[in-house]
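# Notes for the structure review
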Amino acid sequence: MNPPPSAPGFLDRLGWGDGEILPLAGDASFRRYFRVQAPGRTAILMDAPPPHEDPRPFIGIARWLTGKGFAAPTIYGEDLAEGLVLLQDFGDARMRETVDAAPESELRLYEAAVDLLIRLADHGAAEIGAYDMRVYHQEAALFTDWYCPAVGLDVDVAGYRAAWEEVLAPALDCTPVTVLRDYHAENIMLIEGSETLGLLDFQDALAGHPAYDLVSLLQDARRDVHPDLEAALLDRYRRITGAAPAFFDAYHVLGAQRNAKIVGIFTRLWRRDGKPRYPGLCPRVWTYLHRDLKHPALAPVAAWFDANVPMHLRGDPMKVTA
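To start, this report covers the structure provided alongside it.

Helix and strand counts for the chain stand at 12 helices and nine strands. For 322 residues, the compact-globule estimate of 2.2 N^0.38 gives 20 Å, and the C-alpha radius of gyration of the chain, at 20 Å, lies within 12% of that figure. For the chain, the spread of C-alpha atoms along the principal axes amounts to about 60 × 45 × 40 Å. Buried residues in the chain amount to 52% of all 322 residues. Long-range pairs, those at least 24 residues apart, make up 72% of the contacts in the chain between residues at least 6 apart in sequence. Surface summary for the chain: the accessible area is close to 14,300 Å², and the carbon and sulfur share equals 52%. For the chain, the distance from the average position of its 32 positive side-chain charges to the average position of its 45 negative side-chain charges is 2 Å.

This is the structure we're talking about:
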């Protein structure tokens with residue numbers, strides 16, 4: 001993975017011209033990341049090439065978060081025309097690998113991650129777009145647009161939309177908070193020498209329901225979260241915040257919506273973008289989705305799935321189409 005040709009000049013202008021540019025893992029988007037290793041210091045170079053990517057939302061939310069006392073990467077400099085941003089380096093200690101290597105840390109770190117969301121909600125919403133019904137429908141439609149055709153299903157799209165309209169309406173009745181939208185163990189960093197959790201990958205943040213990021217954390221598409229741990233952390237949230245039953249109805253509704261969306265996105269990453277590792281994550285996401293669909297608040301959506309998606313076609317789209 002080679003850095004863009006403009007990277008050396010960009011780094012030189014910021015006083016990092018003596019740094020070696022080393023590749024880091026990319027993500028599911030067009031963004032790529034590099035570590036800039038200079039004598040006695042390091043930074044992260046984000047390559048978010050236009051027109052596919054726009055780093056301005058990331059920069060804006062990063063500055064909003066740091067202004068509220070949260071650990072988002074400090075922005076050292078940006079070149080918006082080239083899509084280059086130089087960021088603070090939080091190191092390599094992600095929550096995911098830390099918990100997997102030391103299972104005894106799991107409860108403590110997940111409690112800290114839940115508590116961070118509780119604090120984040122106290123600050124209301126940044127000046128960002130709304131997580132409204134239009135966005136919910138757009139996301140949920142990824143399932144019928146991508147997964148269903150991939151496994152050979154001809155489904156009732158109008159009924160799907162109507163079912164979501166019915167169950168999502170109550171979730172719009174909330175005081176909006178800043179929803180990071182991709183808050184999970186692979187986007188939470190453990191900053192060396194600090195108890196603070198570092199935040200990444202929040203460029204798609206919207207103003208919406210506080211249950212959404214809790215679902216993102218506790219129904220993690222990339223890591224199994226045991227139902228007992230999920231229940232314990234939901235109880236912690238309830239005890240600290242005094243959240244009413246309607247909050248937990250919304251938790252399961254937004255969980256189902258998010259998981260249906262993710263199944264669609266992972267299928268699209270395979271079919272459109274040639275990234276075949278993502279369909280293998282779908283069985284885990286289906287497990288979460290089935291758990292959510294059992295909640296009474298999801299009855300119309302559960303009925304749609306029962307009528308349109310046979311159980312034997314719920315899984316890895318690369319395998320169930322074989």
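Further remarks concern the side chain of Thr178. By secondary structure assignment, the location of Thr178 is in strand β6 (residues 177-179). On the basis of relative accessible area, Thr178 is assigned to the buried category, the value being 1%. At 2.9 Å, the side chain of Thr178 and the backbone nitrogen of Ala126 are in polar contact. If sequence neighbours within four positions are ignored, Thr178 has contacts with Trp64, Leu120, Gly124, Ala125, Ala126, Ile128, Ala205, Leu206 and Asp213.

With that settled, the discussion passes to unusual backbone geometry. Of the consecutive residues Pro50 and Pro51, the connecting peptide bond is found in the cis state with omega at 5 degrees. Along the polypeptide, Pro51 turns up in the loop between β3 (41-47) and α2 (56-67). One non-glycine residue with positive phi stands out, namely Arg181, at about 80 degrees. Structurally, the position occupied by Arg181 is in the loop between β6 and β7 (188-190). Even without glycine at this site, Asp201 takes up a positive phi of about 60 degrees. In this structure, Asp201 sits in the loop between β8 (197-199) and β9 (206-208).

Our next topic: the sheet that holds strand β2 (residues 32-38). Taken together, the five strands give an open sheet; going across it, the order is β1-β2-β3-β5-β4, and neighbouring strands pair in antiparallel fashion. Strand pairing shows two members of the sheet lacking a second neighbour, β1 (20-23) and β4 (75-79), which therefore form its edges. Taken over all neighbouring pairs, the strand axes of this sheet differ in orientation by 25 degrees on average, direction set aside. Sheet analysis places β4 next to strand β5 (residues 84-88), joined by four bridges and oriented antiparallel. Within β5, the residue paired with Gly77 across the bridge is Leu86. On the sheet, α2 packs against β3, β4 and β5 and is oriented at approximately 160 degrees with respect to β4.

So, about the nonpolar core. With 95 residues, the main nonpolar core has Leu65, Phe143, Trp164 and Phe305 as its most contacted residues. Contact partners of Leu65, with chain neighbours within four places excluded, come to Phe70, Ala72, Leu120, Leu180, Leu199 and Phe202. Counting 11 residues, the second largest nonpolar core, distinct from the first, contains Ala7, Leu11, Leu84 and Leu86.

Another point: the packing of helix α8 (residues 227-241) against helix α9 (residues 245-271). At a minimum axis separation of 11 Å, α8 and α9 run at an interaxial angle of 140 degrees. When the axes of α8 and α9 are compared, the crossing they make is right-handed. Contacts between α8 and α9 pair Glu230, Leu234, Tyr237 and Arg238 from the former with Phe247, Phe248 and Tyr251 from the latter. Tallied by class, residues from the contact of α8 with α9 come to five nonpolar, no polar and two charged.

Attention now moves to the packing of aromatic side chains. The geometry of an aromatic ring pair is captured by two quantities: the separation of the ring centres and the angle between the planes. By the definition in use, this model includes 18 aromatic pairs. Measuring from centroid to centroid gives 4.6 Å for Tyr160 and Trp304, while their planes differ by 55 degrees, and the two rings are tilted. Within this pair, whereas Tyr160 is found in helix α6 (residues 157-168), its partner Trp304 is found in helix α11 (residues 299-308), the two being separated by 144 residues in sequence. The two residues Tyr160 and Trp304 agree in class, both being buried. Site record: aromatic cluster; members linked through ring pairs are Phe143, Tyr147, Tyr160, Trp164, Trp286, Trp304 and Phe305. Across from the ring centre of Trp16, 3.9 Å away, lies the NZ or CZ of Arg41, which sits over that ring. Positioned above the aromatic ring of Phe248, the side-chain terminus of Arg238 is 4.4 Å from the ring centre.

Calculation criteria
Residues numbered from 1 in each chain as written. Predicted model: local features only at pLDDT ≥ 70, side-chain atom pairs only at ≥ 80, totals over all residues. Heavy atoms only, no water. Helix = DSSP H or I, 4+ residues; strand = E, 2+ residues; numbered from the N terminus. Rg over C-alpha atoms; globule rule 2.2 N^0.38 Å. Buried < 20%, exposed > 50% of the residue type's maximum accessible area, 1.4 Å probe, protein only. Contact = heavy atoms within 4.5 Å. Areas by Shrake-Rupley, 256 points an atom, 1.4 Å probe, with all protein chains shown as cover. Lys, Arg positive; Asp, Glu negative; His and termini not counted. Charge placed at Lys NZ, Arg CZ, Asp CG, Glu CD. Polar contact = N/O pair within 3.5 Å; in protein donor to acceptor, adjacent residues only side chain to side chain. Pairing = 2+ DSSP bridges. Axes fitted to C-alpha atoms, helices over the stretch in contact; angles between N-to-C directions. Core = buried A, V, L, I, M, F, W, Y, C linked by side-chain atoms within 4.5 Å. Left-handed = near helix turned anticlockwise from the far one by under 90°. Nonpolar A, V, L, I, M, F, W, Y, C, P; charged D, E, K, R; others polar. Phe/Tyr/Trp six-rings, centres within 6.5 Å; stacked < 30°, edge-to-face > 60°. Lys NZ or Arg CZ within 6 Å of the ring centre and 35° of its normal.

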